[in-house]
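Descriptive structure summary
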Amino acid sequence: LSYLKNKEIKLLEIGTWKGASVASFYYYFSKAIIFCLDRNYKFQFKSSRINFFYCNTRDNIDLKKFENLLIYKKSEFFDIIIDDASHIYSDMLTNFKNFFKRVKSSGFYIIEDFNHYKYYPHLDDSTSISLNIEEILERLKTKQIFKSITLDENFQNYCFNNISEVSIHKGIQDDSYIAFIKKK
């Protein structure tokens with residue numbers, strides 16, 4: 001993402017906790033307007049370039065309020081969206097379905113720690129028919145329809161028409177994976 005470092009971009013992080021990564025983004029992307037979503041009030045940073053919103057992404061009323069705030073701030077689309085929220089299997093898919101449409105052309109949707117649900121049972125709410133996240137990303141990349149409770153066929157077709165690239169990177173720790181989904 002270094003080519004965006006000194007550009008006026010809009011970035012959304014879903015799941016900010018206290019804001020440590022937002023602070024990093026703030027300094028790295030020196031001209032970025034940053035939006036942060038979380039359902040806690042532990043966020044510790046303030047700046048005219050940082051916009052924190054309380055939002056439970058499982059709650060349709062909260063999502064609608066956030067959507068209205070984006071319209072008010074004339075920020076309906078983002079260059080980068082990072083999902084670093086609950087890491088619960090279904091939450092990651094729901095966030096992807098709800099927010100990928102808000103990525104600008106040539107922008108990125110990033111899912112951090114997407115394999116945590118495999119290592120921490122309390123995060124695994126997948127079913128016996130659920131594909132793992134890598135399989136889902138591969139199917140989206142190769143344009144193959146799959147069964148999913150969350151990602152219906154209409155959304156899959158939207159992805160087929162709007163994803164230009166999917167890349168997965170492994171971190172140092174066993175449970176550390178990150179996915180970059182680039183929009184056409």
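Treat the numbers as computed from the prediction; the structure is a model and nothing was measured.

**Overview of helix H1 (residues 20–28)**
- Those residues of H1 that fall on the buried side of the exposure criterion are Val22, Ala23 and Phe25. Buried residues of H1, seen end-on, are gathered within an arc of 160 degrees and therefore sit on one face of the element. Opposite the buried face of H1, by more than 90 degrees, sit the exposed residues Ala20 and Tyr27.
- Each element contacted by the buried residues of H1 is listed here: strand S1 (10–14), strand S2 (33–38), strand S3 (50–54) and strand S4 (78–83).

**Remarks on the state of the cysteines**
- Applying the stated criterion to the full structure yields zero disulfides.
- Free cysteine: Cys55, not disulfide-bonded; nearest cysteine sulfur from Cys36 at 12 Å.

**Topic: the pattern of salt bridges**
- A full pass over the atoms with the stated rule returns six salt bridges.
- Note that Lys97 and Asp152 form a salt bridge whose closest N and O atoms lie 3.1 Å from each other. Of this pair, Lys97 sits in helix H3 (residues 89–99) while Asp152 sits in the loop between helix H5 (133–142) and helix H6 (153–162), and the two are 55 residues apart along the sequence.
- Taking the relative accessible area as the measure of exposure, Lys97 reaches 27% and is therefore partly exposed.
- Residues participating in the shared-partner salt-bridge network are Lys64, Glu67 and Arg102.

**Section: the nonpolar core**
- Leu12, Phe96, Phe99, Phe100, Tyr109 and Ile181 are the most contacted members of the largest nonpolar core, which has 38 residues in total.
- The dominant element in this core, judged by the number of residues it contributes, is H3, at five residues.
- When sequence neighbours within four positions are dropped, the list of residues in contact with Phe100 reads Asn95, Tyr109, Phe155, Tyr158, Cys159, Asn162, Ile163, Ile181 and Lys183.

**Details of the side chain of His87**
- Looking at where His87 falls in the secondary structure, it is placed in the loop between S4 and H3.
- A distance of 3.2 Å separates polar atoms of two side chains, one belonging to His87 and the other to Asp84.
- If near-sequence neighbours (up to four positions away) are discounted, His87 is found in contact with Met92, Glu112, Asp113, His116, Tyr117 and Leu123.

**Remarks on the pairing of S1**
- Here S1 lies mainly inside the structure; four of its five residues are buried.
- Across five bridges, S1 lies against S2 in parallel orientation. For Glu13, the partnering residue across the bridge sits in S2 and is Cys36.
- Once the chain exits S1 it traverses H1 before rejoining the sheet at S2, and the crossover so formed is right-handed.
- With four bridges connecting them, S1 and S4 associate as parallel partners. From the neighbouring strand, Leu11 faces S4, where its bridge partner is Ile80.

Calculation rules
- Residues numbered from 1 in each chain as written.
- Predicted model: local features only at pLDDT ≥ 70, side-chain atom pairs only at ≥ 80, totals over all residues.
- Heavy atoms only, no water.
- Buried < 20%, exposed > 50% of the residue type's maximum accessible area, 1.4 Å probe, protein only.
- Helix = DSSP H or I, 4+ residues; strand = E, 2+ residues; numbered from the N terminus.
- Arc of directions from axis to C-beta.
- Contact = heavy atoms within 4.5 Å.
- Disulfide = S-S within 2.5 Å.
- Salt bridge = Lys/Arg side-chain N within 4 Å of Asp/Glu carboxyl O.
- Core = buried A, V, L, I, M, F, W, Y, C linked by side-chain atoms within 4.5 Å.
- Polar contact = N/O pair within 3.5 Å; in protein donor to acceptor, adjacent residues only side chain to side chain.
- Pairing = 2+ DSSP bridges.
- Right-handed = clockwise from strand over helix to strand, strands pointing away.

Geometric descriptors of this kind do not, in isolation, establish any biological role.
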